[in-house]
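In case you want the letters, here they are:
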Amino acid sequence: KVIEGEALRKKLHNTILELKGNIRVFCRVRPLLSDDGIDNVTKTISFPTTTEALGRGIEVVQHGQTHPFMFDKVFTPQSSQEEVFVEISQLVQSALDGYKVCIFAYGQTGSGKTHTMMGTPGSYDDKGLIPRSLEQIFEAREKLKEQGWKYEMQVSMLEIYNETIRDLLSSNKYSSTDSGNKQQYAIKHDSNGNTSVADLTIVDVRSSKEVAFLLNRAAQSRSVGKTQMNEQSSRSHFVFTLRISGVNETMEQHVQGVLNLIDLAGSERLSKSGSTGDRLKETQAINKSLSSLTDVIFALAKKEEHVPYRNSKLTYLLQPCLGGDSKTLMVVNVSPAQSSVNESLCSLRFAARVNACEISIPRRQTSMRYLEPRLSYG
Ligand code: ADP
Ligand code: MG
């Protein structure tokens, strides 16, 4: 039995989604680090405090010229992990309601992508949004149990390097690089919008502690790659996927949500002139997948008939989670250092283009609120 109120709410929800678009762009500027050097004390980035731009505006000075930008939200170097997560928690929550969610961290190497997604290892207060999301999801699951919901959760973690998938939870660490097997890690989508990656390790999880354990394992697997494969981690995309399946027998409802949390490869334009061999191949692979991601977002925004998902492994893998009524958030990470000003401007311009994808209707709300969760609690 669908209650009228519920149906109405859903309709309203969809209307609001349409109005607001389902791509959000946040910007986060990390603090200046001692590694940035003494040359960097000159202020290149500032945050306007006018009523309109407060918490949303950012200004970059390059060659004496000021470039202003506006996003759904701008986090300053003082913003804590907690403050960032507060703005994202509703989006995370919606995966429990059966939505497909993608959250990307974009930016040059050293801009704070991994800090934002994972946090700094060993420091509890500094947990990033992957561990925070999982804690919230498992906490919510307990509360939803009281309303008759039973959830099953599965985790997979992979890395895409040079258009090759590497399973980070596989016991065989070098499975993808050693094997000449073309079918391995082949991506398939079924008619229900479910994605499978051949041979990829999928783990049933019952607590955020279990996921934390797996994240550690994945991090180790990544760092093995790092020393052996030339700082691979900044040249690869890290994709964390949580599949959520919920059943409520008394309400006769079934939901299937997906939460993808993605730490993208560094967006810096690697000099093409100096690149040869492996390095050139890497550069081309990163450029290809980052530009494919942009192409897909723009095609979706323009409601084009053909969306070029198949142009890269990353977009093909995420196809069911980009577009439709799925929800996407791009967190653009920026370094405040003077020496990074060119790359920072590049990242912000990219972000501004993504943000403009839904600018046609003026937005009233500044923070991301996707309506109250359908399975609201507490
Ligand atoms: P990326 O993953 O984009 O290459 P990292 O997340 O590794 O960058 O960040 C580079 C350095 O800056 C790390 O030492 C990290 O701990 C630090 N850092 C990044 N963002 C912040 C932040 N918001 N607060 C404090 N330190 C940060
Ligand atoms: Mg990183």
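Here is what the cut-offs are and how they apply
- Residues numbered from 1 in each chain as written.
- Chains lettered and ligands numbered in written order.
- Predicted model: local features only at pLDDT ≥ 70, side-chain atom pairs only at ≥ 80, totals over all residues.
- Helix = DSSP H or I, 4+ residues; strand = E, 2+ residues; numbered from the N terminus.
- Buried ≥ 20, exposed ≤ 12 C-beta atoms within 10 Å, placed from the backbone.
- Contact = placed C-beta atoms within 7 Å.
- Pairing = 2+ DSSP bridges.
- Near = placed C-beta within 6 Å.
- Nonpolar A, V, L, I, M, F, W, Y, C, P; charged D, E, K, R; others polar.
- Expected span 1.5 Å × (residues − 1).
- Bend = angle between axes of the 7 residues up to and from the residue.
- pLDDT = per-residue confidence, 0-100.
- Axes fitted to C-alpha atoms, helices over the stretch in contact; angles between N-to-C directions.
- Parallel < 35°, antiparallel > 145°, perpendicular 65-115°, else oblique.
- Left-handed = near helix turned anticlockwise from the far one by under 90°.

### Remarks on the overall build of the protein
- Counting secondary structure elements, the protein contains nine helices and 14 strands.
- Expressed as a percentage of the 378 residues in the protein, the buried residues total 39%.
- Sequence separation of 24 or more characterises 70% of the internal contacts of the protein that already satisfy a separation of 6 or more.

### Overview of the sheet that holds strand 3 (residues 57-62)
- In spatial order, the strands read 2-3-4; together these three strands make up an open sheet with antiparallel pairing. Of all strands in the sheet, those with a lone pairing partner are strand 2 (45-46) and strand 4 (65-70), marking the two edges.

### What to know about the site of ligand 1
- Surveying the vicinity of ligand 1 reveals 14 residues, the closest of which are Arg30, Gly112, Lys113, Thr114 and His115.
- A total of three residues in the shell around ligand 1 trace back to one element, the largest contributor, which is helix 3 (residues 113-117).
- Tallied by class, residues from the shell around ligand 1 come to two nonpolar, ten polar and two charged.

### Section: helix 2 (residues 81-93)
- With 13 residues, helix 2 extends 17 Å from end C-alpha to end C-alpha; this agrees with the ideal 18 Å at 1.5 Å per step.
- Where helix 2 bends most, the angle comes to about 45 degrees, and this point is glutamate 87.
- Taken together, the buried positions of helix 2 are occupied by Gln81, Glu87, Ile88, Leu91, Val92 and Gln93.

### Quick notes on the pairing of strand 4
- Bridging between strand 3 and strand 4 involves six bridges; their strand directions are antiparallel. Its bridge partner lying in strand 4, valine 60 is registered against histidine 67.
- Counting the residues in the hairpin turn of strand 3 and strand 4 gives two residues, including histidine 63, whose phi is positive at 50 degrees.

### Quick notes on the pairing of strand 6 (residues 100-106)
- Taken across its seven residues, strand 6 has seven buried, putting it largely inside the fold.
- Burial along strand 6 is two-sided: the residues Lys100, Cys102, Phe104 and Tyr106 and Val101, Ile103 and Ala105 are all buried.
- Bridge analysis of strand 6 against strand 13 (residues 253-263) gives six bridges, and the strand direction is parallel. Bridge pairing links cysteine 102 to asparagine 260 in strand 13.
- Bridge count between strand 6 and strand 14 (residues 327-334): six bridges; the pairing is parallel.

### Things to note about helix 4 (residues 129-145)
- Counted at 1.5 Å a residue, the expected span for helix 4 with its 17 residues is 24 Å, and the 24 Å between its end C-alpha atoms agrees.
- Every buried residue of helix 4 is listed here: Leu129, Ile130, Arg132, Ser133, Leu134, Ile137, Ala140, Arg141 and Leu144.

### Thoughts on the environment of lysine 100
- Assignment of secondary structure puts lysine 100 in strand 6.
- In this structure the C-alpha to C-alpha distance between lysine 100 and glutamine 256, which are 156 residues apart in sequence, comes to 8.3 Å.
- Apart from the residues lying within four places of it in its own chain, the contact partners of lysine 100 are Gly257, Val258, Pro320, Cys321 and Ser326.

### So, the confidence of the model for the protein
- For the protein, per-residue confidence averages 82 on the pLDDT scale, and 79% of positions sit at 70 or higher.
- Note on residues 16-20: pLDDT under 50 across the span, and six contacts to partners over four residues away in sequence or across chains.
- For this predicted complex, the interface confidence comes out at an ipTM of 0.99, alongside a pTM of 0.86.

### Brief notes about unusual backbone geometry
- Even without being a glycine, asparagine 162 presents a positive backbone phi close to 50 degrees.
- Along the polypeptide, asparagine 162 turns up in the loop between strand 7 (149-161) and strand 8 (164-167).
- The phi dihedral of glutamate 252 is positive, around 50 degrees, even though this residue is not glycine.
- Topologically, glutamate 252 is positioned in the loop between strand 12 (237-248) and strand 13.

### So, the packing of helix 2 against helix 4
- Contact geometry for helix 2 and helix 4: axes closest at 10 Å, N-to-C directions at 50 degrees. In this view, helix 2 runs oblique relative to helix 4, as classed from their interaxial angle. The element helix 2 and its partner helix 4 pack so that their crossing is right-handed. Facing Val84, Phe85, Ile88, Ser89, Val92 and Gln93 of helix 2, the residues of helix 4 in contact are Leu129, Arg132, Ser133, Gln136, Ile137 and Ala140.
- Looking at the contact of helix 2 with helix 4, its residues break down into seven nonpolar, four polar and one charged.

### Considerations on the environment of alanine 140
- Tracing the chain through its elements places alanine 140 in helix 4.
- Sequence spacing of alanine 140 and glycine 55 is 85 residues, and the spatial spacing of their C-alpha atoms is 29 Å.

### Describing the environment of glycine 57
- In this fold, glycine 57 is placed in strand 3.
- For glycine 57, a count of 18 C-beta atoms within 10 Å puts it in the partly exposed group.
- Separated by twelve residues in the primary sequence, glycine 57 and phenylalanine 69 place their C-alpha atoms 5.7 Å from one another.
- The residues touching glycine 57, leaving out its near neighbours within four places in the chain, are Phe47, Pro48, Pro68, Met70 and Val74.

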